[in-house]
Amino acid sequence: MINQDRLKETGMNVLRRWTLIFLAVEVIYFSLVGTNYFSLQNIQEIFMASTTILLLATGQTFVIVTGGIDLSVGFMVGFSSVISAKVMVELWGAGFSQELAIAIGIISALLIGLIPGFINGFLVARLKVPPFIATFGMYGIAYGVAEIICGNVPIHNLPTKVGAIGHGYLFYWLPQKVFSFLIKPENLSREELTELVYIIPNVTVITFIFIGIFAFILARTKFGQHTYAIGGNINAAERAGVNVKVHLIKVYMISSFFASLAGVMYVLRFITGRAPAGSARLLDAVVAVVIGGASLYGGKGTIMGTVIGALIVGALEVGLINLSVPTYNLHIAVGCILIFAVLIDQISPEYIYKEKEVE
């Protein structure tokens, strides 16, 4: 006789971990029907394709946990990419060394990129502007300012070492001959170059360093506890002594920081700065957060769940490209996955998330 309680608990366990199961099924399917999908190179390509989504979604997780949303991040990527690229080009042209020009360009983009986040947070926390309206307004402002800075033309002619960083890897391995850290082996023959194995892209390493830091902040610090408290019940958080207004400003600045970091990664990868860069990734970022278990009503969500959600989108994108399927099908698939995730969230959430609440 079937134990109904055990069967129900098994079903709830499957629902709790459906994202991991979905990701595994996705990888298995594309590995069977695609070409070299489960190769080291292709797996690294998935992480590379997911870089922008991962960064945007990580910052978005903080905002969504508080019960808000940040629609400005799409064009914030382009805004910071234009600033970073423009500073690099101008300083290099003025005689600065490539390393210094690149460093100042990156720092400038990250610092200036905090300003839109501060404005978003101020509007939401102090002036009580709905997050949708405040951040959607900044969405247009960021795009317009970026177009003015670059003159409606992508910024090219960056220092040559930008590409070396963005296209570099943590390890290089030539079987039975060379194992190099960070520096690509030189003086290799054409045959050796074809055998050279590239392991872990630099941009992936940088991305996961920042994700790891902020995952710890959200999960293990008082700042993270206050973030969840605001999303769970903002009035109760205020009564408990949380400075909600200041905290919300910080949360929107975190989101803006990650969007700016995504812009810098864009410059390193594509060696250009473009105002529309990242604009198509806004939906993907929100989808990754929701797929990862966050609630649009606030109070629930984890960075680990967001990472899995972003990898689902990235694996799907690379898989469709591998099968030569038109990319517009990706948007259809992502939309279906989003609806599915929301439906699961509505199915007895008190059971699905019981383990998380106990922890």
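Residues numbered from 1 in each chain as written. Predicted model: local features only at pLDDT ≥ 70, side-chain atom pairs only at ≥ 80, totals over all residues. Heavy atoms only, no water.

Q: Before we go on, may I ask you to explain the overall build of the protein in this structure?
A: A tally of regular secondary structure across the protein gives 19 helices and three strands. For 359 residues, the compact-globule estimate of 2.2 N^0.38 gives 21 Å, and the C-alpha radius of gyration of the protein, at 22 Å, lies within 12% of that figure. Counting only C-alpha atoms, the protein reaches 65 × 55 × 35 Å along its principal axes. Counting across all 359 residues of the protein, residues that qualify as buried make up 49%. (Helix = DSSP H or I, 4+ residues; strand = E, 2+ residues; numbered from the N terminus. Rg over C-alpha atoms; globule rule 2.2 N^0.38 Å. Buried < 20%, exposed > 50% of the residue type's maximum accessible area, 1.4 Å probe, protein only.)

Q: Can you help me understand the pairing of strand β2 (residues 178-181) in this one?
A: On a regular strand, each side chain points to the face opposite its neighbour's, so the side chains alternate between the two faces of the sheet. Looking at chain direction, strand β1 (residues 169-174) and β2 are connected through four bridges and run antiparallel. Among the inter-strand pairings, F171 is bridged to a residue of β2, identified as F181. (Pairing = 2+ DSSP bridges.)

Q: How should helix α3 (residues 40-49) be read in this particular structure?
A: Residues spaced three or four apart along an α-helix point in a common direction, a consequence of the helix completing one turn every 3.6 residues. When we look at burial in α3, the residues that qualify are N42, Q44, I46, M48 and A49. The elements touched by buried residues of α3 are α4 (51-65), β1, β3 (197-201), α11 (202-220), α14 (244-270) and α16 (303-322). (Contact = heavy atoms within 4.5 Å.)

Q: Help me understand the confidence of the model for the protein, please; the structure alone is not making it clear to me.
A: When pLDDT is low, close inspection of the predicted coordinates is not appropriate. Counting all residues, the mean pLDDT for the protein is 89, and 92% of those residues have values of 70 or more. Here residues 354-359 scores under 50 on pLDDT; set against residues more than four positions off or in separate chains, the count is six contacts. (pLDDT = per-residue confidence, 0-100.)

Q: Just checking my understanding: could you explain the sheet that holds β1 for this structure?
A: Paired through their backbone hydrogen bonds, the strands of a sheet run either parallel or antiparallel. The three strands are arranged β2-β1-β3 in an open sheet whose pairing can be described as antiparallel. At either margin of the open sheet sits one strand with a lone partner, and together these are β2 and β3. Strand-to-strand twist of the sheet, defined as the mean angle between neighbouring strand axes without regard to direction, takes the value 10°. Alignment of β1 against β3, held across four bridges, turns out to be antiparallel. Directly across from Y172, in β3, lies its bridge partner Y198. α3 rests against β1 and β3 of the sheet, and its axis sits at about 25° to β3. (Axes fitted to C-alpha atoms, helices over the stretch in contact; angles between N-to-C directions.)

Q: What exactly am I supposed to notice about helix α7 (residues 114-125) here?
A: The end-to-end C-alpha distance of α7 is 16 Å, a good match for the 16 Å that twelve residues give at a rise of 1.5 Å each. If you check which residues of α7 are buried, you get P116, G117, N120, G121, V124 and A125. Each buried residue of α7 sits inside an arc of 150° when the element is viewed along its axis, so together they form one side. The inward-facing, buried residues of α7 abut α5 (73-93), α6 (98-112), α8 (131-150) and α14. (Expected span 1.5 Å × (residues − 1). Arc of directions from axis to C-beta.)

Q: Looking at this model, I keep getting lost on a nonpolar patch on the surface. Mind explaining?
A: Judged by side-chain polarity, I112, I115, F118, I119, F122 and L127 come together as a nonpolar surface patch covering roughly 510 Å² of accessible area. The element that contributes the greatest number of residues to the nonpolar patch is α7, accounting for four residues. Its place among the elements puts I119 in helix α7. (Patch = residues over 30% accessible without salt bridge, like charges linked within 9 Å, V, L, I, M, F, W, Y side chains within 5 Å. Areas by Shrake-Rupley, 256 points an atom, 1.4 Å probe, with all protein chains shown as cover. Salt bridge = Lys/Arg side-chain N within 4 Å of Asp/Glu carboxyl O.)

Q: Would you explain the packing of aromatic side chains in this entry?
A: Within a pair of aromatic rings, the relevant descriptors are the distance that separates the centres and the angle that separates the planes. All chains considered together, the criterion is met by 22 aromatic pairs. Taking 6.5 Å as the distance between ring centres and 50° as the angle between the ring planes, the aromatic pair formed by F62 and F223 counts as tilted. Of this pair, F62 sits in helix α4 while F223 sits in helix α12 (residues 222-232), placing them 161 residues apart in sequence. Between the aromatic rings of F132 and F136, the centroid separation amounts to 5.9 Å while the plane-to-plane angle is 15°, which identifies the pairing as stacked. (Phe/Tyr/Trp six-rings, centres within 6.5 Å; stacked < 30°, edge-to-face > 60°.)

Q: Help me out: how do you make sense of the environment of R190 in this one?
A: Mapped onto the elements of the fold, R190 is located in helix α10 (residues 190-195). Its relative accessible area of 74% is what places R190 among the exposed residues. With 131 residues separating them in the primary sequence, R190 and I321 have C-alpha atoms 28 Å apart.

Q: Where do I start with the side chain of T227 in this structure?
A: Position of T227 among the secondary structure elements: in helix α12. Residue class for T227 comes out buried when judged on its relative accessible area of 0%. Excluding residues within four positions of it along the chain, T227 makes contact with F62, V65, T66, L218, H247 and V251.

Q: Any chance you could explain the side chain of N202 here in plain terms?
A: The residue N202 is located in helix α11 in this model. On the basis of relative accessible area, N202 is assigned to the buried category, the value being 13%. Apart from residues lying up to four places away in sequence, N202 is in contact with A164, I165, G168, Y169, L170 and L182.

Q: Explain the pattern of salt bridges to me, please; I cannot follow it from the model alone.
A: Should their charged atoms come close, side chains of opposite charge can pair. One pass over the full model with this rule turns up five salt bridges. Linking E90 and K86 is a salt bridge whose minimum nitrogen-to-oxygen distance equals 3.8 Å. Remark: K86 and E90 occur in helix α5; sequence separation between them is four residues, near one turn of the helix. Classification of K86 as partly exposed rests on a relative accessible area of 32%. Between R281 and D284 there is a salt bridge, and its shortest N-O distance comes to 2.9 Å. Taken as a pair, R281 and D284 share a single burial class, namely buried.

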